Amino acid sequence: MKKRLFSILMTIATTVGMLTGCGNTKTQVDDKTIVIWHDKEDAVVEVLQDKLSQLEPDIHVVLEKKTDLTESLKMVGNDPNSAPDMYIFAHDKIGIYAEMGILAEITDIIPEEQLNDYIDTTLTAATYKDCIYQLPIYYETLLFVYNKRYMDDSEVPATTEELYKYMEENTAGGHYGFVEQHSTPYYAAGWLSGFGAEILSSDGEPSLDSEEVVDALNYHKKFVELMPGETEYATVNTLFSEGMAHSTIAGPWLIPTVRESGMDVGVAPMPVIDETGKPIMPYMGVQGVQVLKFAAENKKDSVTKVLNVLMDPEVEIGLANASGCAPARQSCYDDPKIKSDEVVMMMKETAQNAVPMPNIPEMDVMWSVMGNLLTDVNLSNKDIAESTSKAQEEAEQLISSMK
(Lines give C-alpha, C1' and ligand atoms only; values in the text may rest on other atoms or scores of the structure.)
Protein backbone atom coordinates (compact mmCIF):
# COMPACT_ATOMS: atom_id res chain seq x y z
CA MET A 1 0.00 0.00 0.00
CA LYS A 2 1.19 3.48 -0.76
CA LYS A 3 -0.33 5.37 2.16
CA ARG A 4 -0.11 9.11 2.27
CA LEU A 5 1.10 9.14 -1.32
CA PHE A 6 0.62 12.84 -1.93
CA SER A 7 2.53 13.74 1.24
CA ILE A 8 5.35 11.43 0.27
CA LEU A 9 5.49 12.81 -3.26
CA MET A 10 5.52 16.37 -2.01
CA THR A 11 8.30 15.52 0.43
CA ILE A 12 10.32 13.96 -2.37
CA ALA A 13 9.72 16.93 -4.66
CA THR A 14 10.65 19.42 -1.92
CA THR A 15 13.79 17.51 -1.05
CA VAL A 16 14.85 17.37 -4.68
CA GLY A 17 14.19 21.08 -5.01
CA MET A 18 16.36 21.83 -1.98
CA LEU A 19 19.15 19.67 -3.29
CA THR A 20 19.14 21.25 -6.72
CA GLY A 21 18.33 24.82 -5.76
CA CYS A 22 20.41 25.55 -2.67
CA GLY A 23 23.44 27.79 -2.63
CA ASN A 24 24.92 29.28 -5.79
CA THR A 25 25.80 25.95 -7.38
CA LYS A 26 24.89 25.95 -11.06
CA THR A 27 24.23 22.77 -12.97
CA GLN A 28 26.16 22.49 -16.20
CA VAL A 29 23.58 21.69 -18.87
CA ASP A 30 24.64 19.54 -21.79
CA ASP A 31 21.81 20.41 -24.13
CA LYS A 32 23.17 18.21 -26.90
CA THR A 33 22.73 14.98 -24.94
CA ILE A 34 19.27 13.59 -24.23
CA VAL A 35 18.89 10.72 -21.76
CA ILE A 36 15.73 8.61 -22.05
CA TRP A 37 14.87 6.02 -19.41
CA HIS A 38 12.81 2.99 -20.44
CA ASP A 39 12.01 -0.58 -19.46
CA LYS A 40 11.48 -1.99 -22.96
CA GLU A 41 12.58 -5.18 -24.67
CA ASP A 42 15.55 -5.22 -27.05
CA ALA A 43 13.43 -5.31 -30.23
CA VAL A 44 11.72 -2.04 -29.28
CA VAL A 45 14.95 -0.35 -28.23
CA GLU A 46 16.71 -1.29 -31.47
CA VAL A 47 14.02 0.40 -33.55
CA LEU A 48 14.07 3.54 -31.40
CA GLN A 49 17.86 3.73 -31.32
CA ASP A 50 18.07 3.33 -35.08
CA LYS A 51 15.62 6.18 -35.69
CA LEU A 52 17.08 8.49 -33.05
CA SER A 53 20.63 8.00 -34.32
CA GLN A 54 19.71 10.18 -37.29
CA LEU A 55 20.07 13.16 -34.94
CA GLU A 56 23.79 12.47 -34.58
CA PRO A 57 26.19 14.24 -34.36
CA ASP A 58 24.12 17.29 -33.36
CA ILE A 59 22.18 15.46 -30.66
CA HIS A 60 23.26 12.31 -28.85
CA VAL A 61 20.37 10.25 -27.47
CA VAL A 62 21.07 7.73 -24.73
CA LEU A 63 18.44 5.04 -24.15
CA GLU A 64 19.02 3.80 -20.61
CA LYS A 65 17.14 0.74 -19.32
CA LYS A 66 15.74 0.95 -15.78
CA THR A 67 14.29 -2.13 -14.11
CA ASP A 68 12.53 -0.07 -11.42
CA LEU A 69 11.79 3.02 -13.44
CA THR A 70 8.74 4.27 -11.56
CA GLU A 71 10.36 4.21 -8.13
CA SER A 72 13.58 5.69 -9.51
CA LEU A 73 11.66 8.65 -10.93
CA LYS A 74 9.99 9.30 -7.58
CA MET A 75 13.42 9.51 -5.97
CA VAL A 76 15.25 11.71 -8.49
CA GLY A 77 12.39 14.03 -9.43
CA ASN A 78 13.69 16.91 -11.54
CA ASP A 79 17.28 16.68 -10.26
CA PRO A 80 19.26 17.40 -13.45
CA ASN A 81 22.25 15.48 -12.10
CA SER A 82 20.29 12.25 -11.62
CA ALA A 83 17.05 12.43 -13.56
CA PRO A 84 16.60 11.59 -17.24
CA ASP A 85 15.42 14.17 -19.74
CA MET A 86 12.58 11.93 -20.85
CA TYR A 87 11.23 8.49 -20.09
CA ILE A 88 9.18 5.95 -22.04
CA PHE A 89 6.56 4.16 -19.98
CA ALA A 90 2.85 3.35 -19.76
CA HIS A 91 0.45 6.23 -19.25
CA ASP A 92 -1.02 5.09 -15.92
CA LYS A 93 1.63 6.79 -13.74
CA ILE A 94 1.21 10.22 -15.33
CA GLY A 95 -0.92 11.60 -12.51
CA ILE A 96 1.67 10.78 -9.86
CA TYR A 97 4.47 12.63 -11.63
CA ALA A 98 2.22 15.51 -12.67
CA GLU A 99 1.29 16.01 -9.01
CA MET A 100 4.98 15.92 -8.11
CA GLY A 101 5.41 18.80 -10.54
CA ILE A 102 8.16 17.16 -12.56
CA LEU A 103 6.41 16.71 -15.92
CA ALA A 104 6.19 19.15 -18.79
CA GLU A 105 3.07 19.39 -20.92
CA ILE A 106 3.77 17.97 -24.37
CA THR A 107 1.78 20.80 -25.95
CA ASP A 108 4.18 23.31 -24.42
CA ILE A 109 6.86 21.77 -26.62
CA ILE A 110 5.04 20.83 -29.82
CA PRO A 111 1.86 22.39 -31.27
CA GLU A 112 -1.31 20.52 -30.32
CA GLU A 113 -2.41 20.30 -33.96
CA GLN A 114 0.51 17.95 -34.59
CA LEU A 115 -1.36 15.40 -32.47
CA ASN A 116 -4.40 15.30 -34.76
CA ASP A 117 -3.38 11.99 -36.33
CA TYR A 118 -3.27 10.15 -32.99
CA ILE A 119 -6.09 7.77 -32.06
CA ASP A 120 -8.41 9.59 -29.66
CA THR A 121 -8.16 7.06 -26.83
CA THR A 122 -4.36 7.29 -26.82
CA LEU A 123 -4.61 11.04 -26.24
CA THR A 124 -7.27 10.49 -23.59
CA ALA A 125 -4.87 8.16 -21.80
CA ALA A 126 -2.11 10.78 -22.07
CA THR A 127 -4.27 13.52 -20.53
CA TYR A 128 -4.38 14.40 -16.84
CA LYS A 129 -6.44 17.34 -15.57
CA ASP A 130 -6.94 18.56 -19.15
CA CYS A 131 -3.19 18.60 -19.87
CA ILE A 132 -1.43 16.22 -22.28
CA TYR A 133 1.70 14.89 -20.60
CA GLN A 134 2.62 12.03 -22.91
CA LEU A 135 3.40 11.67 -26.60
CA PRO A 136 1.81 8.29 -27.41
CA ILE A 137 3.90 5.83 -29.39
CA TYR A 138 2.00 2.55 -29.23
CA TYR A 139 -0.64 0.81 -27.17
CA GLU A 140 -1.56 -2.64 -25.93
CA THR A 141 -4.80 -4.38 -25.10
CA LEU A 142 -5.58 -7.90 -23.99
CA LEU A 143 -6.83 -10.26 -26.70
CA PHE A 144 -8.99 -13.36 -26.93
CA VAL A 145 -6.47 -16.02 -27.95
CA TYR A 146 -7.18 -19.62 -28.93
CA ASN A 147 -5.37 -22.79 -29.94
CA LYS A 148 -6.63 -23.86 -33.37
CA ARG A 149 -5.74 -27.45 -32.64
CA TYR A 150 -8.67 -27.60 -30.23
CA MET A 151 -10.91 -24.64 -31.02
CA ASP A 152 -11.82 -24.41 -34.68
CA ASP A 153 -12.32 -20.92 -36.12
CA SER A 154 -16.03 -21.71 -36.41
CA GLU A 155 -16.16 -22.50 -32.67
CA VAL A 156 -14.73 -19.19 -31.49
CA PRO A 157 -17.38 -17.82 -29.11
CA ALA A 158 -19.09 -14.62 -30.15
CA THR A 159 -20.76 -14.27 -26.75
CA THR A 160 -19.89 -15.16 -23.17
CA GLU A 161 -22.69 -17.73 -23.01
CA GLU A 162 -21.18 -19.45 -26.04
CA LEU A 163 -17.86 -19.36 -24.23
CA TYR A 164 -19.44 -20.85 -21.12
CA LYS A 165 -21.01 -23.66 -23.14
CA TYR A 166 -17.64 -24.42 -24.72
CA MET A 167 -16.05 -24.48 -21.27
CA GLU A 168 -18.67 -26.93 -19.98
CA GLU A 169 -18.11 -29.25 -22.92
CA ASN A 170 -14.30 -29.11 -22.92
CA THR A 171 -13.22 -28.85 -19.30
CA ALA A 172 -12.26 -32.31 -18.10
CA GLY A 173 -9.25 -34.55 -17.48
CA GLY A 174 -6.82 -31.72 -16.91
CA HIS A 175 -7.97 -29.78 -19.98
CA TYR A 176 -9.76 -26.45 -19.78
CA GLY A 177 -11.94 -24.81 -22.39
CA PHE A 178 -10.87 -21.37 -21.21
CA VAL A 179 -8.54 -19.95 -18.56
CA GLU A 180 -7.65 -16.44 -17.52
CA GLN A 181 -6.08 -14.54 -14.65
CA HIS A 182 -9.54 -14.07 -13.16
CA SER A 183 -8.32 -12.70 -9.80
CA THR A 184 -5.78 -10.22 -11.19
CA PRO A 185 -7.31 -6.71 -11.44
CA TYR A 186 -5.80 -5.87 -14.83
CA TYR A 187 -7.43 -8.97 -16.36
CA ALA A 188 -10.71 -8.84 -14.44
CA ALA A 189 -11.25 -5.20 -15.41
CA GLY A 190 -12.64 -6.19 -18.80
CA TRP A 191 -15.56 -8.06 -17.23
CA LEU A 192 -16.31 -5.17 -14.86
CA SER A 193 -16.24 -2.58 -17.65
CA GLY A 194 -18.49 -4.81 -19.76
CA PHE A 195 -21.11 -4.40 -17.02
CA GLY A 196 -20.64 -0.63 -17.02
CA ALA A 197 -18.75 -0.73 -13.72
CA GLU A 198 -16.34 2.11 -12.97
CA ILE A 199 -14.16 1.20 -10.01
CA LEU A 200 -12.70 4.70 -9.77
CA SER A 201 -14.17 7.96 -11.03
CA SER A 202 -12.11 10.58 -12.84
CA ASP A 203 -11.95 12.62 -9.62
CA GLY A 204 -10.70 9.69 -7.55
CA GLU A 205 -13.90 8.38 -5.93
CA PRO A 206 -14.07 4.56 -5.65
CA SER A 207 -17.29 2.65 -6.34
CA LEU A 208 -16.46 -0.96 -5.57
CA ASP A 209 -19.83 -1.61 -3.92
CA SER A 210 -21.88 -0.42 -6.89
CA GLU A 211 -24.63 -2.56 -8.39
CA GLU A 212 -22.59 -2.91 -11.59
CA VAL A 213 -19.56 -4.32 -9.76
CA VAL A 214 -21.71 -6.75 -7.78
CA ASP A 215 -23.51 -7.91 -10.94
CA ALA A 216 -20.24 -8.38 -12.82
CA LEU A 217 -18.65 -10.44 -10.04
CA ASN A 218 -21.79 -12.58 -9.66
CA TYR A 219 -21.95 -13.31 -13.38
CA HIS A 220 -18.21 -13.92 -13.76
CA LYS A 221 -18.18 -16.39 -10.87
CA LYS A 222 -19.64 -19.23 -12.91
CA PHE A 223 -16.76 -18.95 -15.40
CA VAL A 224 -14.26 -18.94 -12.56
CA GLU A 225 -15.69 -22.20 -11.25
CA LEU A 226 -14.67 -23.94 -14.49
CA MET A 227 -11.06 -22.76 -14.22
CA PRO A 228 -8.19 -23.99 -12.04
CA GLY A 229 -7.89 -22.45 -8.58
CA GLU A 230 -4.44 -21.05 -9.24
CA THR A 231 -4.65 -18.56 -12.12
CA GLU A 232 -1.63 -16.32 -11.76
CA TYR A 233 0.37 -15.28 -14.84
CA ALA A 234 2.72 -18.28 -14.95
CA THR A 235 0.00 -20.89 -14.46
CA VAL A 236 -2.36 -19.50 -17.10
CA ASN A 237 0.36 -19.04 -19.70
CA THR A 238 1.79 -22.51 -19.03
CA LEU A 239 -1.63 -24.16 -19.37
CA PHE A 240 -2.22 -22.43 -22.68
CA SER A 241 1.32 -22.81 -24.02
CA GLU A 242 1.36 -26.55 -23.25
CA GLY A 243 -2.01 -27.17 -24.86
CA MET A 244 -3.93 -27.86 -21.64
CA ALA A 245 -6.14 -24.80 -22.11
CA HIS A 246 -7.93 -24.25 -25.42
CA SER A 247 -8.33 -20.50 -25.11
CA THR A 248 -7.39 -17.59 -22.91
CA ILE A 249 -7.39 -13.82 -22.60
CA ALA A 250 -3.79 -12.68 -22.81
CA GLY A 251 -1.53 -9.86 -23.82
CA PRO A 252 0.01 -9.75 -27.31
CA TRP A 253 3.37 -10.55 -25.72
CA LEU A 254 2.28 -14.19 -25.31
CA ILE A 255 1.73 -14.82 -29.00
CA PRO A 256 5.36 -14.86 -30.26
CA THR A 257 6.24 -17.40 -27.56
CA VAL A 258 3.48 -19.85 -28.43
CA ARG A 259 4.11 -19.44 -32.14
CA GLU A 260 7.75 -20.33 -31.62
CA SER A 261 6.61 -23.55 -29.95
CA GLY A 262 4.71 -24.46 -33.10
CA MET A 263 1.18 -23.60 -31.97
CA ASP A 264 -1.30 -22.52 -34.61
CA VAL A 265 -2.74 -19.68 -32.60
CA GLY A 266 -5.68 -17.46 -33.44
CA VAL A 267 -6.91 -14.11 -32.14
CA ALA A 268 -10.53 -13.00 -32.09
CA PRO A 269 -12.76 -10.18 -30.87
CA MET A 270 -13.71 -10.23 -27.21
CA PRO A 271 -16.96 -12.14 -26.58
CA VAL A 272 -20.05 -10.01 -26.02
CA ILE A 273 -21.49 -10.33 -22.51
CA ASP A 274 -25.03 -11.63 -22.95
CA GLU A 275 -26.24 -9.87 -19.79
CA THR A 276 -25.33 -6.40 -21.06
CA GLY A 277 -24.84 -6.57 -24.83
CA LYS A 278 -21.35 -5.12 -24.39
CA PRO A 279 -18.11 -6.99 -25.10
CA ILE A 280 -15.52 -7.76 -22.45
CA MET A 281 -13.78 -4.37 -22.35
CA PRO A 282 -10.16 -4.75 -21.22
CA TYR A 283 -7.85 -2.04 -20.01
CA MET A 284 -5.74 -0.27 -22.61
CA GLY A 285 -2.16 0.68 -21.81
CA VAL A 286 -0.55 3.43 -23.87
CA GLN A 287 3.22 3.48 -24.07
CA GLY A 288 4.77 6.83 -24.86
CA VAL A 289 7.38 9.41 -24.00
CA GLN A 290 7.09 11.91 -21.15
CA VAL A 291 9.36 14.95 -20.77
CA LEU A 292 10.68 16.23 -17.48
CA LYS A 293 10.33 19.95 -16.79
CA PHE A 294 14.03 20.64 -16.40
CA ALA A 295 14.74 19.24 -19.85
CA ALA A 296 11.79 21.08 -21.40
CA GLU A 297 13.01 24.36 -19.96
CA ASN A 298 16.75 23.93 -20.49
CA LYS A 299 17.03 21.68 -23.55
CA LYS A 300 13.89 22.61 -25.45
CA ASP A 301 15.44 22.64 -28.91
CA SER A 302 16.96 19.17 -28.53
CA VAL A 303 13.84 17.81 -26.83
CA THR A 304 11.68 19.10 -29.67
CA LYS A 305 13.87 17.42 -32.26
CA VAL A 306 13.71 14.11 -30.39
CA LEU A 307 9.92 14.33 -30.19
CA ASN A 308 9.73 15.10 -33.91
CA VAL A 309 11.67 11.92 -34.67
CA LEU A 310 9.40 9.87 -32.42
CA MET A 311 6.38 11.36 -34.21
CA ASP A 312 7.52 9.93 -37.53
CA PRO A 313 4.98 7.23 -38.51
CA GLU A 314 7.89 5.04 -39.62
CA VAL A 315 8.90 4.68 -35.97
CA GLU A 316 5.55 3.16 -35.04
CA ILE A 317 5.45 1.00 -38.17
CA GLY A 318 8.93 -0.25 -37.34
CA LEU A 319 7.87 -1.10 -33.78
CA ALA A 320 4.80 -2.94 -35.04
CA ASN A 321 6.92 -5.02 -37.42
CA ALA A 322 9.61 -5.72 -34.84
CA SER A 323 7.54 -6.33 -31.72
CA GLY A 324 3.84 -6.38 -32.55
CA CYS A 325 3.19 -2.95 -31.04
CA ALA A 326 -0.08 -1.32 -32.13
CA PRO A 327 0.68 2.17 -33.52
CA ALA A 328 -0.86 5.18 -31.81
CA ARG A 329 -1.12 7.08 -35.10
CA GLN A 330 -4.17 6.38 -37.23
CA SER A 331 -2.31 6.83 -40.53
CA CYS A 332 0.01 3.89 -39.73
CA TYR A 333 -2.88 1.52 -40.37
CA ASP A 334 -2.72 2.37 -44.08
CA ASP A 335 0.63 0.58 -44.28
CA PRO A 336 0.28 -2.83 -46.05
CA LYS A 337 2.37 -4.68 -43.45
CA ILE A 338 0.28 -3.29 -40.62
CA LYS A 339 -2.94 -4.22 -42.41
CA SER A 340 -1.72 -7.81 -42.80
CA ASP A 341 -0.70 -8.20 -39.15
CA GLU A 342 -3.67 -9.96 -37.55
CA VAL A 343 -2.51 -9.35 -33.98
CA VAL A 344 -2.00 -5.61 -34.44
CA MET A 345 -5.26 -5.24 -36.30
CA MET A 346 -7.13 -7.21 -33.64
CA MET A 347 -5.69 -4.91 -30.98
CA LYS A 348 -6.98 -1.97 -32.96
CA GLU A 349 -10.43 -3.56 -33.10
CA THR A 350 -10.36 -4.41 -29.39
CA ALA A 351 -9.19 -0.88 -28.58
CA GLN A 352 -12.47 0.52 -29.90
CA ASN A 353 -14.11 -0.77 -26.72
CA ALA A 354 -11.10 -0.85 -24.40
CA VAL A 355 -10.82 1.45 -21.40
CA PRO A 356 -7.59 3.39 -20.84
CA MET A 357 -6.17 2.52 -17.43
CA PRO A 358 -6.90 5.33 -14.97
CA ASN A 359 -3.86 7.60 -14.71
CA ILE A 360 -4.80 9.39 -11.48
CA PRO A 361 -2.68 8.86 -8.33
CA GLU A 362 -5.55 7.23 -6.45
CA MET A 363 -5.31 4.23 -8.79
CA ASP A 364 -2.09 3.22 -7.06
CA VAL A 365 -4.02 1.91 -4.06
CA MET A 366 -6.88 0.48 -6.11
CA TRP A 367 -4.76 -2.29 -7.62
CA SER A 368 -4.16 -3.91 -4.25
CA VAL A 369 -7.72 -3.30 -3.00
CA MET A 370 -9.13 -4.87 -6.16
CA GLY A 371 -6.73 -7.79 -5.86
CA ASN A 372 -7.94 -8.46 -2.32
CA LEU A 373 -11.58 -8.23 -3.43
CA LEU A 374 -11.10 -10.69 -6.30
CA THR A 375 -9.26 -13.10 -4.02
CA ASP A 376 -12.08 -12.96 -1.47
CA VAL A 377 -14.78 -13.57 -4.08
CA ASN A 378 -13.12 -15.98 -6.51
CA LEU A 379 -10.65 -17.92 -4.40
CA SER A 380 -12.05 -17.73 -0.85
CA ASN A 381 -15.72 -17.92 -1.91
CA LYS A 382 -16.72 -15.08 0.40
CA ASP A 383 -20.04 -13.31 0.04
CA ILE A 384 -19.89 -10.86 -2.86
CA ALA A 385 -21.98 -8.09 -1.29
CA GLU A 386 -20.01 -8.22 1.95
CA SER A 387 -16.70 -8.35 0.09
CA THR A 388 -17.49 -5.36 -2.12
CA SER A 389 -18.66 -3.35 0.89
CA LYS A 390 -15.43 -4.17 2.73
CA ALA A 391 -13.34 -3.28 -0.34
CA GLN A 392 -15.17 0.04 -0.75
CA GLU A 393 -14.45 0.97 2.86
CA GLU A 394 -10.78 0.02 2.48
CA ALA A 395 -10.43 2.04 -0.73
CA GLU A 396 -12.07 5.11 0.83
CA GLN A 397 -9.75 4.96 3.84
CA LEU A 398 -6.60 4.55 1.74
CA ILE A 399 -7.52 7.33 -0.65
CA SER A 400 -8.42 9.62 2.25
CA SER A 401 -5.01 8.97 3.81
CA MET A 402 -3.34 10.12 0.59
CA LYS A 403 -4.74 13.63 0.83
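Before reading further, recall that the structure is shown in the block above.
Predicted, not measured: the structure shown is a model, and the values here were computed from it.

*Asks:* Residues and numbers for the nonpolar core, please.
*Replies:* One finds Tyr-87, Phe-144, Ile-199 and Met-366 to be the most contacted residues of the largest nonpolar core, which totals 69 residues. Sort the elements by how many residues they give to this core and helix 16 (residues 363-379) lands first, with eight residues. Ranked by size, the runner-up nonpolar core spans 39 residues in total, among them Leu-48, Ile-110, Leu-123 and Cys-325.

*Asks:* Describe the packing of aromatic side chains, naming the residues involved and giving the relevant values.
*Replies:* This model, assessed by the stated rule, comprises nine aromatic pairs. Residues Tyr-87 and Tyr-97 carry aromatic rings whose centres are separated by 5.8 Å and whose planes lie at 75 degrees to one another, so their mutual orientation is edge-to-face. With Tyr-87 in strand 3 (residues 86-90) and Tyr-97 in helix 4 (residues 94-100), this pair connects stretches of sequence that are 10 residues apart. Residue Tyr-87 is classed as buried on the basis of its relative accessible area of 1%. A ring pair is formed by Phe-144 and Phe-178, whose centres lie 6.0 Å apart and whose planes are at 10 degrees; its orientation type is stacked. With Phe-144 in strand 7 (residues 143-147) and Phe-178 in the loop between helix 6 (160-170) and helix 7 (185-194), this pair connects stretches of sequence that are 34 residues apart. In terms of burial, Phe-144 and Phe-178 fall into one category: buried. Counting every residue linked through ring pairs, the aromatic cluster contains Tyr-164, Trp-191, Phe-195, Tyr-219 and Phe-223. One Lys or Arg, Lys-66, reaches over the ring of Trp-37 and ends 4.5 Å from the middle of that ring. Over the ring of Tyr-164 we find Lys-222, and its NZ or CZ is 4.5 Å from the ring centre.

*Asks:* Before we move on, can you summarise a negative patch on the surface with the specific residues and values?
*Replies:* There is a patch of like negative charges on the surface, built from Glu-162, Glu-211, Glu-212, Asp-215, Asp-274 and Glu-275. Among the elements that line the negative patch, the one with the most residues is helix 8 (residues 211-224), at three residues.

*Asks:* Tell me about the packing of helix 2 (residues 42-52) against helix 13 (residues 313-323), and name the residues and values.
*Replies:* One can describe the packing of helix 2 onto helix 13 by two numbers: an axis separation of 9 Å at closest approach and a directional angle of 150 degrees. Taken as axis vectors, helix 2 and helix 13 run roughly antiparallel relative to one another. Considering only the axes of helix 2 and helix 13, their crossing is right-handed. Contacts between helix 2 and helix 13 involve Ala-43, Val-44, Val-47, Leu-48 and Lys-51 from the first element and Glu-314, Val-315, Gly-318, Leu-319, Ala-322 and Ser-323 from the second. Among the residues making up the contact of helix 2 with helix 13, the classes are represented as seven nonpolar, two polar and two charged.

*Asks:* Run through the pairing of strand 7, naming residues and quoting values.
*Replies:* Among the five residues of strand 7, five are classified as buried, and the element is accordingly described as predominantly covered. Burial along strand 7 is two-sided: Leu-143, Val-145 and Asn-147 facing one way and Phe-144 and Tyr-146 facing the other are all buried. As judged from the four bridges shared by strand 7 and strand 8 (residues 247-250), these two strands associate in the antiparallel manner. Opposite Leu-143, over in strand 8, you have Ala-250 as the bridge partner. Sheet topology places strand 7 next to strand 9 (residues 265-268); four bridges connect them, and they run antiparallel. Bridged to Phe-144 within strand 9 is Ala-268.

*Asks:* Go over the environment of His-60 with me, naming the residues and quoting the values.
*Replies:* For His-60, the position within the fold is in strand 2 (residues 60-65). For His-60, a relative accessible area of 37% corresponds to the partly exposed category. Distance in space between the C-alpha atoms of His-60 and Ile-34 is 6.2 Å, their sequence separation being 26 residues. With residues up to four places along the chain from it excluded, the contact list for His-60 reads Lys-32, Thr-33 and Ile-34. Of note is the side chain of His-60, whose polar atom sits 2.5 Å from the side chain of Glu-56.

*Asks:* Go over unusual backbone geometry with me, naming the residues and quoting the values.
*Replies:* Cis geometry marks the peptide bond from Glu-56 to Pro-57, where omega comes out at 0 degrees. Within the fold, Pro-57 resides in the loop between helix 2 and strand 2. A positive phi is found at Asp-130, a non-glycine position, where the angle reads about 70 degrees. When its relative accessible area of 78% is taken as the criterion, Asp-130 is described as exposed. A positive phi angle, near 55 degrees, is found at Asn-381, a position not held by glycine. Examined against the element boundaries, Asn-381 turns out to sit in the loop between helix 16 and helix 17 (384-402).

About the cut-offs
- Residues numbered from 1 in each chain as written.
- Predicted model: local features only at pLDDT ≥ 70, side-chain atom pairs only at ≥ 80, totals over all residues.
- Heavy atoms only, no water.
- Core = buried A, V, L, I, M, F, W, Y, C linked by side-chain atoms within 4.5 Å.
- Buried < 20%, exposed > 50% of the residue type's maximum accessible area, 1.4 Å probe, protein only.
- Helix = DSSP H or I, 4+ residues; strand = E, 2+ residues; numbered from the N terminus.
- Phe/Tyr/Trp six-rings, centres within 6.5 Å; stacked < 30°, edge-to-face > 60°.
- Lys NZ or Arg CZ within 6 Å of the ring centre and 35° of its normal.
- Patch = residues over 30% accessible without salt bridge, like charges linked within 9 Å, V, L, I, M, F, W, Y side chains within 5 Å.
- Areas by Shrake-Rupley, 256 points an atom, 1.4 Å probe, with all protein chains shown as cover.
- Salt bridge = Lys/Arg side-chain N within 4 Å of Asp/Glu carboxyl O.
- Lys, Arg positive; Asp, Glu negative; His and termini not counted.
- Charge placed at Lys NZ, Arg CZ, Asp CG, Glu CD.
- Axes fitted to C-alpha atoms, helices over the stretch in contact; angles between N-to-C directions.
- Parallel < 35°, antiparallel > 145°, perpendicular 65-115°, else oblique.
- Left-handed = near helix turned anticlockwise from the far one by under 90°.
- Contact = heavy atoms within 4.5 Å.
- Nonpolar A, V, L, I, M, F, W, Y, C, P; charged D, E, K, R; others polar.
- Pairing = 2+ DSSP bridges.
- Polar contact = N/O pair within 3.5 Å; in protein donor to acceptor, adjacent residues only side chain to side chain.

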